[in-house]
Each structure stands twice: as C-alpha cells, then as structure tokens.
Amino acid sequence: MTEALRVLGWDSDWAQTFEGLAPSDARPARVTAQHRDRWTLQSDLGTQLGRLVSSDASFSRPVTGDWVGWSPGPHESDPCTIRCVLPRRSAVRRGSAGESQSEQVLAANVDRLWIVQALDRPPNLRSLERYLAVAWESGASPEIVLSKSDLTEDLEAAIEAVTAIAFGIPVWAVSVGDPAAIGTLQDSLTCGRTVALLGPSGAGKSTLINQLAQSEVARTGDVRAGDRKGRHTTTDRELFAIQNGALLLDTPGMRELRVLDLQEGLGHAFPEIEELAGDCRYRDCSHSSEPGCAVLLAANEGRLDADRLASYRKLEAEAAYERRRADPQARAEHVAERKTALRTLKYHHKHQSPE
C-alpha cells in the first residue's frame with residue numbers, strides 16, 4: 001500500500017476487494033470530483049481525468065468518494081478509462097428532485113457526516129430531523145455543526161434545542177471569528193478518514209472547509225440579505241485532502257432533501273418514539289388513532305413532544321410512499337390493505353342503513 005493511497009483512505013480491506021473485482025491491468029484511484037461525463041481521479045500516480053465507456057453498464061456510475069479501478073486511455077492524451085467501481089461502505093442518498101423515481105447518491109464511502117446549519121436564524125429542528133434520518137440511513141456517523149454561531153442572540157438556547165433532538169451525537173458550534181472552536185473541530189479529524197458536509201445553501205460549508213484546510217480550496221460566496229439563502233457557489237461534489245491528512249467532501253447546498261426508504265434512519269433519528277412503540281398494543285401500530293397506542297398516550301400526557309411526533313409521521317409517510325414507488329410488491333400490499341380496510345368499513349355497524 002502506497003502512502004498516496006493510504007492518505008486517501010485506502011486500507012487492506014479495500015485492497016482485498018480490489019484484487020477480487022478489478023481487471024488485472026487496472027490501478028486503484030479515488031474519485032475526488034464528479035462532473036457531467038468526466039471524473040477527477042486521485043491515485044498513486046497523481047491526478048487523472050476519468051471517463052466511462054458508454055457500452056459498459058456492469059457497474060454504477062461513480063460518485064465523489066468512490067474507489068474505482070482505472071486503466072490508461074488508448075492514447076496518452078485521452079482520459080483514462082474507469083473499469084470498475086468498488087462496493088460502497090456507505091452512501092448518502094436522496095430522492096431526485098421533481099417527480100422522478102430515481103435516487104441520487106450524493107457521496108460515497110463517508111465515515112462522518114456533518115449536517116451544517118447556520119445560526120444566523122433560529123435553528124430549524126424539523127429540517128435537522130430530516131437530515132439526521134438521511135444521515136443515519138447512509139451508514140456514516142452523523143454529527144451536527146452549527147455554523148455562524150456569532151450571529152445568534154442566544155447561543156446556549158440554540159445548542160440546547162438542537163442537543164435535545166440529537167440524542168447523543170456530537171453537536172459543534174463554530175464561527176469564522178472563533179479560532180478556538182475551529183481548532184477543536186480540526187482536532188477531531190483523522191488522517192485518511194472522510195467527512196462529508198451536508199446542508200442548505202448559505203450554511204457556510206465551503207467556508208468551514210477553507211477554515212479547516214487553512215487554505216482557499218473551496219469556492220465561497222455571500223448569502224442574500226433578504227432571505228439569508230446562499231447562491232449555490234458550490235456546484236460540484238468535491239473531495240479535499242487537508243493538511244492533517246483528513247478528507248473533507250463538499251456538497252452543493254440543497255433546497256430539497258427528499259427522503260427515500262428509511263429502513264434504519266427513522267428509528268435512529270427518533271429513538272424515543274421507537275422505544276415507546278414497543279409498548280403499543282398492535283405491532284403494526286401507525287401511532288395515529290389506534291387504541292392502546294403508547295406513543296399517542298405519551299404525546300397526550302406531554303411526555304413526547306407533539307412536533308417531534310408530527311415530524312416522525314411526516315417522514316414515515318414520505319418513506320412509505322417512496323418505498324411503494326420503487327417496489328411493486330410494496331405497492332401491491334398497500335393496495336390490498338386499503339381494499340381490506342374499505343371492506344371492513346363498509347360492513348361496520350355505523351355505516352349500515354337502518355331497517
């Protein structure tokens with residue numbers, strides 16, 4: 001294993017996977033940037049521009065953070081050819097914008113996922129819950145970074161509110177004018193480990209990367225004064241290796257984070273609801289109107305925040321909808337359940353005509 005690959009996150013497990021999957025003449029590289037039909041690759045030979053052969057559909061299109069196998073092009077001036085993509089250890093996914101049923105992989109092989117939200121306005125807890133559900137589903141370890149902490153009127157209250165929904169995951173508060181906070185965040189980084197930054201435009205993700213890198217590696221821009229939204233200065237997902245050997249993956253700001261099927265993420269983001277659900281009378285309780293629902297009882301008694309429950313239901317409904325769109329069997333089961341419910345309702349005594 002060369003040092004150049006090691007600092008990119010290469011290890012013996014990657015090497016073993018590569019040996020069993022890649023063509024014998026391929027070399028390993030990590031995708032550090034993704035463009036329209038080209039990829040920037042970093043290998044032990046330096047930086048190459050990669051492409052796919054249009055007829056090769058045997059593997060997924062690479063995304064930033066992927067490990068790939070490549071070989072030189074037919075001519076020295078040609079981009080190299082990406083021959084394979086190694087299976088991902090983690091993947092940050094969201095539903096594609098609009099009505100498309102496809103998914104978009106935002107980043108691959110991420111160890112830590114920083115959800116960045118700016119404190120130039122009160123923290124949006126419902127948005128953070130959505131990001132946390134997606135982060136937990138990715139396989140990476142989520143953390144919350146509250147940027148622009150110098151612009152909030154009550155920093156302690158903001159941190160307390162966010163910590164209440166974080167349930168033990170790290171919550172960092174930083175600002176450009178606080179070198180000590182930046183230094184603490186920097187000290188948490190590890191050589192060869194990848195940290196992806198996720199959040200809306202204007203949250204300060206690129207600025208934070210530049211602070212941690214101590215260099216202007218990422219493009220930055222101002223936010224609009226009217227609504228404090230960013231201008232999408234970052235347009236590509238790009239991986240930066242900084243001075244201490246850590247890897248920071250910048251992503252464009254998102255106006256919409258559409259969830260996909262949340263098999264694990266929802267439970268991790270709302271652990272108190274999952275715990276209460278274990279005491280519900282019915283195993284398939286929807287926590288909406290069923291008798292014996294421990295979740296509703298806790299909400300009615302004030303032991304469970306009503307806004308948290310509403311957020312949980314909303315995300316659960318979105319995830320179920322996406323699951324039905326992608327899985328014909330799930331769609332058929334949903335239709336069958338609705339038909340059964342309608343038949344039951346039809347013969348309920350409340351709906352019988354009086355004789």
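Attention here is on the structure that accompanies the text. Residue numbers run consecutively from 1 along every chain, following the written order of its sequence. pLDDT decides what is reported in this predicted model: residues at 70 or higher carry local features, side-chain atom pairs at 80 or more are listed and counted, and totals for whole chains, interfaces and linings draw on all residues regardless. Hydrogen atoms and water are omitted, and side-chain values are computed over all heavy atoms in the structure.

The subject of this paragraph is the overall build of the protein. Scanning the protein for helices and strands turns up 11 helices and 13 strands. Relative accessibility thresholds used throughout: buried, under 20% of the residue-type maximum; exposed, over 50%; partly exposed, between the two (1.4 Å probe, protein chains only). For the protein, the proportion of its 355 residues judged to be buried stands at 45%. For the protein, the proportion of contacts with a sequence separation of at least 24, taken over those separated by at least 6, is 64%. As presented, the protein carries roughly 18900 Å² of accessible surface, and 48% of it is formed by carbon and sulfur atoms. In DSSP terms, a helix is any run of H or I states spanning at least four residues, a strand is any run of E spanning at least two, and both are numbered starting from the N terminus. Working rule for contacts: check all heavy atoms of both residues, and any pair within 4.5 Å makes them a contact. Each accessible area value is a Shrake-Rupley result obtained with a 1.4 Å probe; residue values ignore everything except the protein chains displayed when judging cover.

Among the buried residues, those of types Ala, Val, Leu, Ile, Met, Phe, Trp, Tyr and Cys that are joined through side-chain atoms within 4.5 Å form a nonpolar core. Counting residues in each nonpolar core, the largest one holds 57 residues, and the members touching the most others are Ile144 and Val295. With residues near it in sequence (within four places) discarded, isoleucine 144 still touches Ile115, Leu128, Leu132, Val162, Ala166, Ile169, Pro170, Val171 and Trp172.

To continue, consider the pattern of salt bridges. The term salt bridge refers to a pairing of a side-chain nitrogen on Lys or Arg with a carboxyl oxygen on Asp or Glu at a separation within 4 Å. Using the criterion set out here, one finds 17 salt bridges in the structure. The closest approach of N and O atoms between arginine 258 and glutamate 322, which form a salt bridge, is 3.1 Å. Taken together, the residues span a long stretch of sequence, with arginine 258 in the loop between strand S13 (247-250) and helix H7 (265-269) and glutamate 322 in helix H10 (residues 306-326) at a distance of 64 residues. Summarising the burial analysis for this pair, arginine 258 and glutamate 322 share the class buried. Across the pair aspartate 261 and arginine 323 runs a salt bridge, and its minimum N-O distance is 2.5 Å. Of this pair, aspartate 261 sits in the loop between S13 and H7 while arginine 323 sits in helix H10; the two residues are 62 residues apart in sequence, bridging distant segments of the chain. A single salt-bridge network, built from bridges that share partners, covers Arg126, Glu129, Glu272 and Arg308.

Structurally, the position occupied by aspartate 250 is in strand S13. The charge count treats Lys and Arg as positive and Asp and Glu as negative. His and the chain ends do not count. Here aspartate 250 is buried and forms no salt bridge, its nearest opposite-charge partner lysine 205 lying at an N-O distance of 5.5 Å. For this analysis, a polar contact is any N or O atom pair within 3.5 Å, provided that within protein one partner can donate a hydrogen and the other can accept it, and provided that sequence-adjacent residues contribute only side-chain to side-chain pairs. Among the polar contacts listed, one links the side chain of aspartate 250 to the side chain of serine 206, at a separation of 2.6 Å.

Turning our attention to the packing of helix H5 (residues 179-187) against helix H6 (residues 205-213). Axes here mean lines fitted to C-alpha atoms, for a helix over just the part in contact, with angles spanning 0 to 180 degrees between N-to-C directions. Relative to each other, H5 and H6 sit at 80°, their axes nearing to 10 Å. The angle between H5 and H6 places the two elements in the roughly perpendicular class. Note on element contacts: H6 touches H5 through Leu208, Gln211 and Leu212, opposite Ile182, Leu185 and Gln186. Along the lines of polarity and charge, the residues of the contact of H5 with H6 split into 4 nonpolar, 2 polar and no charged. Should an angle lie under 35 degrees it is considered roughly parallel, over 145 roughly antiparallel, and from 65 to 115 roughly perpendicular; all remaining angles are considered oblique. Each residue receives one of three labels: charged for Asp, Glu, Lys and Arg, nonpolar for Ala, Val, Leu, Ile, Met, Phe, Trp, Tyr, Cys and Pro, and polar for the others, Gly being one of them.

A separate point is the environment of leucine 189. With respect to the element layout, leucine 189 can be found in the loop between H5 and strand S11 (194-198). The contact partners of leucine 189, leaving out residues within four places of it in the chain, are Arg112, Trp114, Val195, Leu212, Ile242, Asn244, Ala246 and Leu248.

Centre distance within 6.5 Å is the pairing criterion for rings of Phe, Tyr and Trp, where only the six-membered ring of Trp is used; planes under 30 degrees apart are then read as stacked, over 60 as edge-to-face, and the remainder as tilted. Counted by the stated rule, this structure contains 4 aromatic pairs. Geometrically, the ring pair formed by tryptophan 10 and phenylalanine 18 is edge-to-face, given 5.9 Å between the ring centres and 75° between the ring planes. With respect to class, tryptophan 10 is no different from phenylalanine 18; both count as buried. An angle of 80° between the planes, with centres 5.4 Å apart, marks the rings of phenylalanine 270 and tyrosine 312 as edge-to-face. Placement of phenylalanine 270 in the loop between H7 and helix H8 (271-277) and of tyrosine 312 in helix H10 is noted, with a sequence separation of 42 residues between them. Overall, the relative accessible area of 0% leaves phenylalanine 270 in the buried class.

Before going further, it helps to spend a moment on helix H3 (residues 125-138). A rise of 1.5 Å per residue sets the reference length of H3, with its 14 residues, at 20 Å; its end C-alpha atoms lie 20 Å apart and thus fit the reference within 8%. Every buried residue of H3 is listed here: Leu128, Glu129, Arg130, Tyr131, Leu132, Ala133, Val134, Ala135 and Ser138. A distance of 3.3 Å separates the backbone nitrogen of arginine 126 from a side-chain oxygen at the start of H3, and that oxygen is part of asparagine 124. Positive phi appears at glycine 139, one or two residues downstream of H3, with a value of about 95°. What a helix should span is 1.5 Å times the count of its residues minus one.

It is worth spelling out the environment of arginine 325 at this point. Tracing the chain through its elements places arginine 325 in helix H10. The class of arginine 325 is buried, set by a relative accessible area of 15%. Remark: the alpha-carbon pair of arginine 325 and serine 102, spanning 223 residues in sequence, is separated by 9.8 Å.

To continue, consider the environment of methionine 254. Structurally, methionine 254 is set in the loop between S13 and H7. Linking methionine 254 and glycine 199, residues 55 residues apart in sequence, is a C-alpha distance of 6.4 Å. Apart from the residues within four sequence positions on either side, methionine 254 is in contact with Arg94, Leu106, Tyr131, Leu198, Gly199, Pro200 and Ser201.

Let us now look at unusual backbone geometry. With a phi close to 55°, asparagine 109 is a non-glycine residue in the positive phi region. Here asparagine 109 lies in the loop between strand S7 (103-108) and strand S8 (112-118). Of note, the phi angle at lysine 148 is positive, near 55°, even though the residue is not glycine. Mapped onto the elements, lysine 148 comes out in the loop between strand S9 (141-147) and helix H4 (155-166). We classify lysine 148 as buried; its relative accessible area is 19%.

Nothing here speaks to function; it is all geometry.
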